[in-house]
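# Architecture at a glance
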Amino acid sequence: MRLASLLLVLLLGSLPFSGCADESAETSTDGFEVEGTLSFLTPDADTLRTIGVDIADTDAERKRGLMRQRSLGYDRGMLFVFDSVDEGGMWMKNTPLPLDIVFVAPDSQVINIARRTTPFSEESIEPAAPRKFVVEVRAGFANRFGLTDSTRVRWTPTD
């Protein structure tokens, strides 16, 4: 009887239960929340790479960014969506892994890419022109997938 009760508890503990949490976003074991997809496109609209993105569209989320993130696969990144178009930069404070930072204009055209940024640096990394979006991906991503200033991005939030 005890064994049957234990098996029932183990079985029930492994079943998914629905609750009040937003199930539209997928959270991985490393704490990364996939809230949408983002594709990097050639000028001819061919897809170079599509990744899952955590979307930072509030001041608090943009401030936190990828701070304290210890790993990031080539299939993930963070999309920063800003309220206005400006020349504001980014920094690597409290960010332990090097990143490629992709600055994007309001028309979704890549402006410039800061490659292999320095972890924990408080130096401001600036766009070459006013930006509306920034995409942070694992260091080496831009070279691996052929991103240039002629690349465009297209993103879609998860429903």
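Above this text sits the structure in question.
Let us look at the structure shown here. (Residues numbered from 1 in each chain as written. Predicted model: local features only at pLDDT ≥ 70, side-chain atom pairs only at ≥ 80, totals over all residues. Heavy atoms only, no water.)

This part takes up the environment of S39. Relative to the helices and strands, S39 is located in strand β3 (residues 36-41). Given the relative accessible area of 8%, S39 is considered buried. Ignoring anything within four residues of it in the chain, the contact list for S39 reads T47, R49, T50, R152, V153 and R154. (Helix = DSSP H or I, 4+ residues; strand = E, 2+ residues; numbered from the N terminus. Buried < 20%, exposed > 50% of the residue type's maximum accessible area, 1.4 Å probe, protein only. Contact = heavy atoms within 4.5 Å.)

Now for the packing of aromatic side chains. Counting across every chain of the model gives six aromatic pairs. Consider the rings of F40 and F141, whose centres lie 5.3 Å apart with planes at 55°: the pair is tilted. Of this pair, F40 sits in strand β3 while F141 sits in helix α3 (residues 141-145), placing them 101 residues apart in sequence. Among the aromatic residues, those joined into a ring-pair cluster are F40, Y74, F141 and F145. The ring of F82 has R131 lying over it, and the distance from NZ or CZ to the ring centre is 3.6 Å. Looking at R138, its charged tip hangs above the ring of Y74, at a distance of 4.1 Å from the centre. (Phe/Tyr/Trp six-rings, centres within 6.5 Å; stacked < 30°, edge-to-face > 60°. Lys NZ or Arg CZ within 6 Å of the ring centre and 35° of its normal.)

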